[in-house]
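Here's the letter readout for the chains.
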Amino acid sequence: MGSIDRSGKAPKYGVLADTFRQRIRRGIWPPGSCLPSLNELAQEFGVARLTARQAVQLLVQDGWLQARQGAGTFVMDVLPAVKNIKVETSLQALSDMYVATPPEIRTISETVGPLPPGWRRDDTQYACLKRVHSDKGIPYCVIDVYIDLELFKRAAKRFRERAAIPVLMSLKNCRVVRAHQTLTVGTADEDVATLIDVPVNAPVAFVERAFEDASGHIVYFAVVVYRGEAVRLDISLTV
C-alpha cells in the first residue's frame, strides 16, 4: 500500500477514517475486534472499495488499527491517547485546567496587529500568537491568541513560554470582569489539518474566547480549533 496524502479538498477517505475512529472510540468496534471486510465497509458506507482501503490504511498508519496478513484488520488493544478537553464554564476553572495540565507549546508565528475585523472596536494593538498545543507529542489544538500589547509586554517571556490565560490572570491591575466563549462544530481546512495532524475535512470544534476589563476593552481574544475527538462537552441539566 502507498502512503496516504493528507492534503487536498475534503477527501472521502479522510471523512470515512474519522467515522471509523468514532466507532472505535464509542466501543462499536472494541479493542481487539476484527473490522468488516473492505467490501462490506464499502457497501455499508456507499463508497468505492479503494476509498474504504485508504481509510483503513490511514488508521493503520496512525496506530488505531493493525493489519494481520491472512487474518484481517484489527482494532489495537492500546489506542493512541488524545488529550481530552473539557469545555469549562468558568474562567477560573479554565485557568486552573491549564495550570494543572500545561500543554506543550509550539509557536508558529508572533506578530503585532489589531483584532480580527469582526471583533475590532478601536486601534488597540495586540500581540498575535499562532501556536499548537500538544500533549505527549500529540497535537490537539491550534490557537490564534491576541493579547493587549501593553499587557503582553509586562510578561512577554511568560506569555511566550506558557499557556496565556493563567499568565494573564496573574498580572496585577488586570481584572477580567466579563468572559465569554462560543463553541461551534465544523471541519478542518488544509492549514488546520496539517498543524493538528488530522485529515482535511475532519470534524473539529471551534472555540472563540473574549475577555473584557471593566471598561469593556478586550484584553484577550482567541480562536481555538480542537481535534473533534479531543473535546468533551459536559453540562449539568436542571431537574
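Per chain, the residues get numbers from 1 upward, laid out in the order the sequence is written. Predicted model: local features are reported for residues with pLDDT of at least 70 only, side-chain atom pairs are reported and counted for 80 or more only, and whole-chain, interface and lining totals are derived from all residues. Computation of side-chain values: all heavy atoms of the structure, hydrogens and water removed.

Novice: Could you clarify how one ought to interpret the pattern of salt bridges in this entry?
Specialist: Pairing between side chains of opposite charge can happen when their charged atoms approach one another. A carboxyl oxygen of Asp or Glu within 4 Å of a side-chain nitrogen of Lys or Arg is what we treat as a salt bridge. Under the definition given, this model contains 9 salt bridges. A salt bridge links Glu110 to Arg160, with the shortest nitrogen-to-oxygen separation between them at 2.8 Å. Taken together, the residues Glu110 in strand β4 (residues 104-113) and Arg160 in helix α6 (residues 156-161) connect sequence positions 50 residues apart. A residue is classified by how much of its surface remains accessible, and Glu110, at 36% relative accessible area, is partly exposed. Residue exposure (1.4 Å probe, protein chains only): buried if accessible area is under 20% of the type maximum, exposed if over 50%, otherwise partly exposed. Since its relative accessible area comes to 40%, Arg160 is described here as partly exposed. Of the charged contacts, one joins Lys157 and Glu161 as a salt bridge, the two residues approaching to 2.8 Å between their closest N and O atoms. Of this pair, Lys157 and Glu161 both sit in helix α6, 4 residues apart, which is roughly one turn of that helix. By relative accessible area, Lys157 is classed as exposed at 56%. A relative accessible area of 48% means that Glu161 is categorised as partly exposed. By the criteria applied, helices consist of DSSP H or I runs no shorter than four residues and strands consist of E runs no shorter than two, each listed in order from the N terminus.

Novice: What am I meant to see in helix α1 (residues 12-25) here?
Specialist: For an α-helix, the turn length of 3.6 residues means that residues three or four places apart are oriented alike. How far a helix is expected to stretch is found by multiplying one less than its residue total by 1.5 Å. Taking 1.5 Å of rise per residue, 14 residues should cover 20 Å, and α1 covers 20 Å from first to last C-alpha, within 8% of that figure. Within α1, burial applies to Tyr13, Gly14, Leu16, Ala17, Asp18, Phe20, Arg21, Arg23 and Ile24. When checking whether two residues touch, look at their non-hydrogen atoms; a contact exists if any pair is within 4.5 Å. Tucked inside the fold, the buried residues of α1 contact α2 (38-45), α3 (49-61), β1 (65-68), β2 (72-75) and β8 (203-212).

Novice: Even after reading the chapter, I still don't get the confidence of the model for the protein chain, so can you show me in this structure?
Specialist: Note that predicted coordinates carrying low pLDDT should not be read in detail. Model confidence for the protein chain is summarised by a mean pLDDT of 86, while 90% of its residues fall at 70 or above. Note on residues 1-10: pLDDT is under 50 here. Beyond four places in sequence and across chains, it has 26 contacts. Within a predicted model, pLDDT stands for the predictor's per-residue confidence, ranging from 0 to 100.

Novice: Which parts of the structure should I look at to understand the environment of Arg175?
Specialist: Among the structural elements, Arg175 can be located in the loop between α7 (164-170) and β7 (178-187). Through-space distance from the C-alpha of Arg175 to that of Phe211 is 9.6 Å; in sequence the pair is 36 residues apart. Excluding residues that lie within four positions of it along the chain, Arg175 makes contacts with Glu212, Asp213 and Ala214.

Novice: Is there a simple way to explain α3 in this structure?
Specialist: Compared with an ideal rise of 1.5 Å per residue, which puts 13 residues at 18 Å, α3 spans 18 Å between its outermost C-alpha atoms and is within 8% of the ideal. Regarding α3, the residues found buried are Thr51, Ala52, Ala55, Val56, Gln57, Leu58 and Leu59. Structurally, α3 contributes buried residues whose contacts are with α1, α2, β1 and β2. Backbone geometry just after α3 places Gly63 at a positive phi near 85°.

Novice: When you look at unusual backbone geometry in this model, what are you seeing that I'm missing?
Specialist: The general pattern is negative phi for most residues beyond glycine and trans for most peptide bonds. Residue Asn173 is not a glycine yet carries a positive backbone phi of 60°. In this fold, Asn173 is placed in the loop between α7 and β7. By relative accessible area, which is 80% here, Asn173 ends up exposed. Phi is positive for Asp197, which is not a glycine, with a value near 60°. Mapped onto the secondary structure, Asp197 falls in the loop between α8 (190-196) and β8.

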